[in-house]
Amino acid sequence: MEQHGSDTIIGIRGLKKSFGPKRVLDSLDLDIARGETLVVIGRSGCGKSVLLKHITGLVRPDAGEILFEGEDMTRFDRKKLFQMRMHFGMLFQSSALFDSMTVGENVALPLRKHSGLGDDEIMRIVGAKLDLVGLTGVLDQYPAEMSGGMKKRIGLARAVAMDPQVVLYDEPTTGLDPIMAAVINELIRTLQRELKVTSIVVTHDIKSAYHVGDRLAMLHEGRIIHSGTPDEVRRSDDPVIRQFVEGRAEGPIKPI
Amino acid sequence: MAPFVILGRFFLEFFQDTGGVFILIWRLIQTLPRTFANGRSVFLQMDRIGIGSIPLVLVTSLFVGAVTSVQAAYQFHGYVPLKYLGTVVGKSVILELGPVLTALVVGGRVSASIAAELGTMKVTEQIDAMEMIAIDPVENLVLPRVLGATIMLPVLTIFSDFLAILGGMVVANVSLHVSFNAFASGLKLLFQTQDLIGGLMKTFVFGFIIALMGCYHGFETRGGAEGVGLATMKAVVASCLLILIANYFLASLIFRILFAPAS
């Protein structure tokens, strides 16, 4: 069962979204508790990223509501949506760094636009955030000169620059070597501990999901079919979940 | 059945695009009060779009003027004295060739570059990232480009008019033996300031179309490299077609209603 109550920071009710004839989200319900790290697992293309884009207001649903601090954000106008996003930080699958700007400018951008702080203070925060993700001496380099793992870490530093309440991760370990994936996993846990943020991670990397998640939710055919602690998921005898976590080709989930 | 499906898809896409363009224009209007806050970006785009297009406009205009002179002389042959060469070159350049050809060549260059740039930003999620940082992509990307192009196209057209007439004059002098004085007095003979103003009025709209099409198709990019290529092509085709269509309606509006000849 989903948790309800005052500690829910984001509540999703009956979310529906279709792209053409394809129904991606089908009456999806999900609650995210303040301070938890929720990992949404599921196959590639099952709608995990679409769910994340709904939570951030980048995509509007066909039906249903998404409550952020009790307010339905699907009805927000752009101004209110922008105000809400000040409390959000997002790490994109492709890192989405602005390639016309240096690393320092990338991380400083949200602060320059919204914080009203002076240049020295901004650069101090930028340095601190880059330290947090384990990068130093890269301020004046351009993203094109960086490796995939470094880009992810810079993206993460930018995502937490404004000290958000909620950090969203879209496939944080996809395309990284196993060591870098472990580094990113560790970083997600560190940020969780040090910044006390609520985190939503979407991934198909089950190892990463076990490592970073307080709670795992499995998205299948447009709905959350199961949610529980990593141990509960490990012990689940649901055939769909078993097939996914064990990575088998045979089972109820048909390869597309 | 298949032709109806293709036709249906075509109309659906057409109306979707038309709607999308009007939504973009509406959002652009809403960001207009923030123009001064984005002054630096506007100047940067004026430089990239305007100053960057000078070599292209220079070559195009000189040769267009030159060929106009040659073609006019060919048609005059045996009917009209060549001292009227300046009149014809001047009139056709100022009214039509300067504004339209500048818009077409600059349109190809600028709308392709805008669509490719914004399209790449779109497929690498940089536009989404801007939204997530609560930065409006319309204000930060579209506004400076549209203003830059709308301001600079008339400037480029003045430059183009001047060079095209110069090109025509040089060719008239060198290969058709019309003296500079004769050409200039022909030019002055039927010159009307309203022709120049009317021609330039059109170019504000052309500049707007060029940047808007680049931005719209850039934002609508889907997929990867192929999507960026497709968006670039659509932007160039749309801006060139819209320039030619708008040219007819604007010419009718300006020269038949606004500056209607007294009857």
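Fair warning: this is a prediction, and the values are worked out from it, not measured in the lab.

A. Just the sheet that holds strand S7 (residues 166-170) of chain A, in detail. Residue and element names in this part refer to chain A. Spatial ordering of the open sheet is given by S6-S7-S8-S3-S9-S10, a layout of 6 strands whose pairing is mixed. The strands lining the two open edges of the sheet, one partner per strand, are strand S6 (88-91) and strand S10 (223-228). The average angle at which neighbouring strand axes cross in this sheet is 20 degrees, direction not considered. Pairing between S6 and S7: 4 bridges, direction parallel. Across the sheet, Phe 88 pairs through a bridge with Val 166, a residue of S7.

B. Representation of the interface of chain A and chain B within the structure. Counting from both sides, the interface comprises 15 residues of chain A and, opposite them, 10 residues of chain B. Among the elements of the structure, helix H2 (78-85), S6 and helix H3 (103-114) of chain A are those that each provide at least two residues to the side of chain A that touches chain B. A per-element tally of the side of chain A that touches chain B places H3(A) first, with 4 residues. For the side of chain A that touches chain B, the per-class residue count stands at 10 nonpolar, 3 polar and 2 charged.

C. Looking closely at the sheet that holds strand S4 (residues 63-68) of chain A. All names here are of chain A. Taken in spatial order, the 4 strands line up as S2-S1-S4-S5 in an open sheet, and their pairing is antiparallel. Sheet topology places strand S2 (22-33) and strand S5 (71-72) at the edges, where each strand pairs with a single neighbour. Sheet topology note: the strand S1 (residues 8-19)/S2 ladder contains 8 bridges and is antiparallel. Across the sheet, the residue bridging to Ile 12 is Leu 30, located in S2.

D. Representation of the nonpolar core in the model. Of all hydrophobic cores here, the largest spans 133 residues; its most connected members are Val40(A), Leu51(A), Leu168(A), Ile200(A), Ile210(B) and Cys215(B). Among the elements that line this core, the one with the most residues is helix H4 (residues 85-123) of chain B, at 17 residues. With sequence-adjacent residues up to four places away left out, Cys215(B) is seen in contact with Leu24(B), Ile114(B), Leu118(B), Leu141(B), Val142(B), Arg145(B) and Val146(B).

E. View of the environment of Leu141(B). All names here are of chain B. Structurally, Leu 141 can be placed in helix H6 (residues 137-176). Its 24 C-beta neighbours within 10 Å are what place Leu 141 among the buried residues. Spatially, the C-alpha atoms of Leu 141 and Ser 41 are 8.6 Å apart, while their sequence positions differ by 100 residues. Among all residues touching Leu 141, those that are not within four sequence positions of it are Leu 118 and Cys 215.

Conventions and cut-offs
- Residues numbered from 1 in each chain as written.
- Chains lettered and ligands numbered in written order.
- Predicted model: local features only at pLDDT ≥ 70, side-chain atom pairs only at ≥ 80, totals over all residues.
- Pairing = 2+ DSSP bridges.
- Helix = DSSP H or I, 4+ residues; strand = E, 2+ residues; numbered from the N terminus.
- Axes fitted to C-alpha atoms, helices over the stretch in contact; angles between N-to-C directions.
- Contact = placed C-beta atoms within 7 Å.
- Nonpolar A, V, L, I, M, F, W, Y, C, P; charged D, E, K, R; others polar.
- Core = buried A, V, L, I, M, F, W, Y, C linked by C-beta atoms within 7 Å.
- Buried ≥ 20, exposed ≤ 12 C-beta atoms within 10 Å, placed from the backbone.

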